[in-house]
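Structural characterization, general
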Amino acid sequence: DGGITQSPKYLFRKEGQNVTLSCEQNLNHDAMYWYRQDPGQGLRLIYYSQIVNDFQKGDIAEGYSVSREKKESFPLTVTSAQKNPTAFYLCASSGREGQGKIHEQYFGPGTRLTVT
Amino acid sequence: DAKTTQPPSMDCAEGRAANLPCNHSTISGNEYVYWYRQIHSQGPQYIIHGLKNNETNEMASLIITEDRKSSTLILPHATLRDTAVYYCIVRVARNSGNTPLVFGKGTRLSVIA
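As a starting point, this report considers the structure included with it.

Comments concerning the environment of P109(A)
One can find P109(A) in the loop between β10 (106-107) and β11 (111-115). Along the primary structure P109(A) and I4(A) are separated by 105 residues, whereas in three dimensions their C-alpha atoms are 7.8 Å apart. Apart from the residues within four sequence positions on either side, P109(A) is in contact with I4(A), Q6(A), F88(A), L90(A), S41(B), Q42(B) and G43(B).

Observations concerning the state of the cysteines
Residue and element names in this part refer to chain B. The full count for this structure, using the stated rule, is two disulfides over all chains. A sulfur-sulfur distance of 2.1 Å marks the disulfide that ties C22 to C88. Across the S-S bond of C22 and C88 the torsion is about -80 degrees, and the bridge reads as left-handed. With C22 in strand β2 (residues 18-23) and C88 in strand β8 (residues 84-94), this residue pair connects regions lying 66 residues apart in the sequence. Judged by relative accessible area, which is 1%, C22 ranks as buried. What makes C88 buried here is its relative accessible area of 1%. Cysteine C12 is unpaired, with the sulfur of C22 as its nearest cysteine sulfur at 18 Å. Judged by relative accessible area, C12 falls into the buried class, the value being 7%.

Looking at the layout of surface pockets
If a probe as big as a water molecule is rolled over the atoms, it shows which places are left empty. In this structure, the largest pocket encloses a volume near 460 Å³. Counting residues per element, the ones that place at least two in the lining of the largest pocket are β9 (87-94) and β11 of chain A together with β8 and β10 (107-112) of chain B. No other element matches β8(B), which puts three residues into the lining of the largest pocket. Residues of the lining of the largest pocket, tallied by class, amount to 10 nonpolar, nine polar and four charged. In this model, the second largest pocket occupies a volume close to 240 Å³. Lining the second largest pocket are 14 residues, with Y106(A), F107(A), G43(B), P44(B) and Q45(B) sitting closest to its centre. Mapped onto the lining of the second largest pocket, the elements with two or more residues apiece are β10 of chain A together with β4 (45-50) of chain B. For the lining of the second largest pocket, the class distribution of residues is six nonpolar, six polar and two charged.

Quick notes on the packing of aromatic side chains
Evaluated as defined, the whole model comprises 12 aromatic pairs over all chains. Relative to Y34(B), the ring of Y32(B) has its centre 6.2 Å away and its plane inclined at 45 degrees; by these criteria the two rings are tilted. Judged by relative accessible area, which is 0%, Y34(B) ranks as buried. Among the aromatic residues, those joined into a cluster by ring pairs are Y33(A), Y35(A), Y48(A), F107(A), Y36(B), Y46(B), Y87(B) and F103(B). The cationic tip of R68(A) hangs over the ring face of F74(A); the distance from NZ or CZ to the ring centre is 5.9 Å. In this structure, R112(A) is placed above the aromatic ring of F88(A), and the distance from its NZ or CZ to the ring centre is 4.4 Å.

Rules of the game
- Residues numbered from 1 in each chain as written.
- Chains lettered and ligands numbered in written order.
- Predicted model: local features only at pLDDT ≥ 70, side-chain atom pairs only at ≥ 80, totals over all residues.
- Heavy atoms only, no water.
- Helix = DSSP H or I, 4+ residues; strand = E, 2+ residues; numbered from the N terminus.
- Contact = heavy atoms within 4.5 Å.
- Disulfide = S-S within 2.5 Å.
- Buried < 20%, exposed > 50% of the residue type's maximum accessible area, 1.4 Å probe, protein only.
- 1 Å grid on protein atoms, 1.4 Å probe; cavity = no way out; pocket = protein on both sides within 12 Å on 5 of 7 lines; lining within 4 Å.
- Points joined across faces, edges and corners; volume = space filled by probe spheres on them.
- Nonpolar A, V, L, I, M, F, W, Y, C, P; charged D, E, K, R; others polar.
- Phe/Tyr/Trp six-rings, centres within 6.5 Å; stacked < 30°, edge-to-face > 60°.
- Lys NZ or Arg CZ within 6 Å of the ring centre and 35° of its normal.

Interpretation note: all reported values are geometric properties and have no functional meaning in isolation.
So this is what it looks like as C-alpha cells:
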C-alpha cells in the first residue's frame, strides 16, 4: 500500500535531549512537510521541502532542523533549543503533475512527543 | 494565502445533512478552496476542493458562492464517524509544485445519535 509512515507513534524524552522523528513516504511525491499540533489548535508548519536537498522554514522553525537527502525520507530533529517540544507532530507529502493528485496533501498518522 | 473564518463548533443529528460554512472574503482569483477533516488523534484527511464551480464527490459536496467569498461543505447524511474537526483552507495550487496548507482552528463537528 502507498502511504506515509511515521515512527514511533509515541515518544518520550528528557528535557535537554535532541530527538529525531521519522517520516517515510512511498508515494513518489516531491514535496514533504512537517506540522506541529498543540491541544485544541490547528496545525502549524515547521519546515517543508519541495525537492531533494532543498527545504524551507515554515512559521515555527526555531528549535527544529530537517534534512532531505532522499526523496522518500524527511526526518525532523527536535533540538534542546525548542522551548515547548511536547506536541503532536504530523508529516505530509504532496505531488506535482504526474505524481498523483496535485490538490491533495497526504498525512501520516503522527508522532506524539512528550518531553519531561 | 488568504485566511478563512469558520464557526468553532457545530452539532448535527445522525442521518441529517451537515452544512459547514466558511468565509474567505479576501480570496484571490487563482486560489482554490480546500476542505480537510481530522478525526481525533489522526492525520488530516482530504475531502474536496473547488475553484469556482460547485463540486461533489463520494464524501461531500462543496458549494461556492458566485463572488467566491464564502463556501459551504455539505455532508449529505452525517454518521457518527463524521465527528471530526473540519478545516477550510484557501491556497494557490501550482503545477510546478505545491505550497503548504495553512490551517486555522477549523470547526469541530459533533454528530449526535
